Amino acid sequence: MIGYLEGTLKETSSKSALLLVSGVGYRVFATGNTLELLVKHNGTIGLYIHTAVREDALDLYGFLSKEDRDLF
């Protein structure tokens, strides 16, 4: 399970961010507020991750703090 990712923000959409980590791009879903804060930040960013595994998908949800992730 992925619990934390640290890397460079490659791009964002209205619901997700593409986080480049050691040459691998991870699509991470996040709230609009979190995405706004990520765009304003230059350099390396880190997100606490909730990994959701389902029969038809493997989704990553990103949060700026452990508390927010745990509340999710």
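Sequence positions are assigned chain by chain, starting from 1 and proceeding in written order. Only residues with pLDDT of at least 70 are given local features in this predicted model, and only at 80 or more are side-chain atom pairs given and counted; all residues enter the totals for whole chains, interfaces and linings. With hydrogens and water stripped out, all remaining heavy atoms of the structure feed into the side-chain values.

Q: Lay out the environment of G25 in plain terms, naming residues and giving numbers.
A: In this description a helix means any DSSP run of H or I spanning at least four residues, a strand means any run of E spanning at least two, and both kinds are numbered starting from the N terminus. Relative to the helices and strands, G25 resides in strand β3 (residues 24-29). Measuring from C-alpha to C-alpha, the distance between G25 and G46 comes to 14 Å, with 21 residues separating the pair along the chain. It only takes one pair of heavy atoms within 4.5 Å for two residues to be counted as in contact. The residues contacting G25, other than those within four sequence positions of it, are L18, L19 and L20.

Q: Break down the nonpolar core for me, citing the residues and quoting the values.
A: General note: in soluble globular proteins, nonpolar side chains tend to be found buried as a group. Note on terminology: a nonpolar core comprises buried Ala, Val, Leu, Ile, Met, Phe, Trp, Tyr and Cys residues joined through side-chain atoms within 4.5 Å. Partly exposed describes any residue whose relative accessible area lies between the buried limit of under 20% and the exposed limit of over 50%, with all areas from a 1.4 Å probe on protein chains only and scaled to the type maximum. Ranked by size, the top nonpolar core spans twelve residues in total: L5, A17, L19, V21, V28, A30, L35, L38, I45, L47, I49 and L60. Leave out the neighbours within four places in its chain, and V28 touches L5, K15, S16, A17, L47, I49, L60, Y61 and G62.

Q: An account of the sheet that holds strand β2 (residues 16-21) is needed here, citing residue identities and associated values.
A: DSSP calls a pair of strands paired once it identifies at least 2 bridges connecting them. With mixed pairing, five strands are arranged side by side around a closed barrel as β1-β2-β3-β5-β4. Strand-to-strand, the axes of this sheet are offset by a mean angle of 55°, without reference to chain direction. Bridge analysis of β2 against β3 gives six bridges, and the strand direction is antiparallel. Paired with A17 across the bridge in β3 is V28. Convention adopted: a line fitted to C-alpha atoms gives each axis, helices being fitted over their contacting stretch, and angles between N-to-C directions are expressed from 0 to 180 degrees. Helix-sheet contacts for helix α1 (residues 32-40) involve β1 (4-12), β2, β4 (44-54) and β5 (57-63), and the interaxial angle to β1 is about 85°.

Q: So, α1: which residues are in play, and what are the values?
A: Every buried residue of α1 is accounted for by T34, L35 and L38. Within α1, the buried residues cover an arc of 100° as seen down the axis, which keeps them to one side. Facing away from the buried side of α1, by more than 90 degrees, are the exposed residues N33, E36 and K40. The elements touched by buried residues of α1 are β1, β2, β4 and β5. This arc is built from the directions going out from the helix axis to the C-beta atoms.

Worth remembering: the numbers are spatial, not functional.
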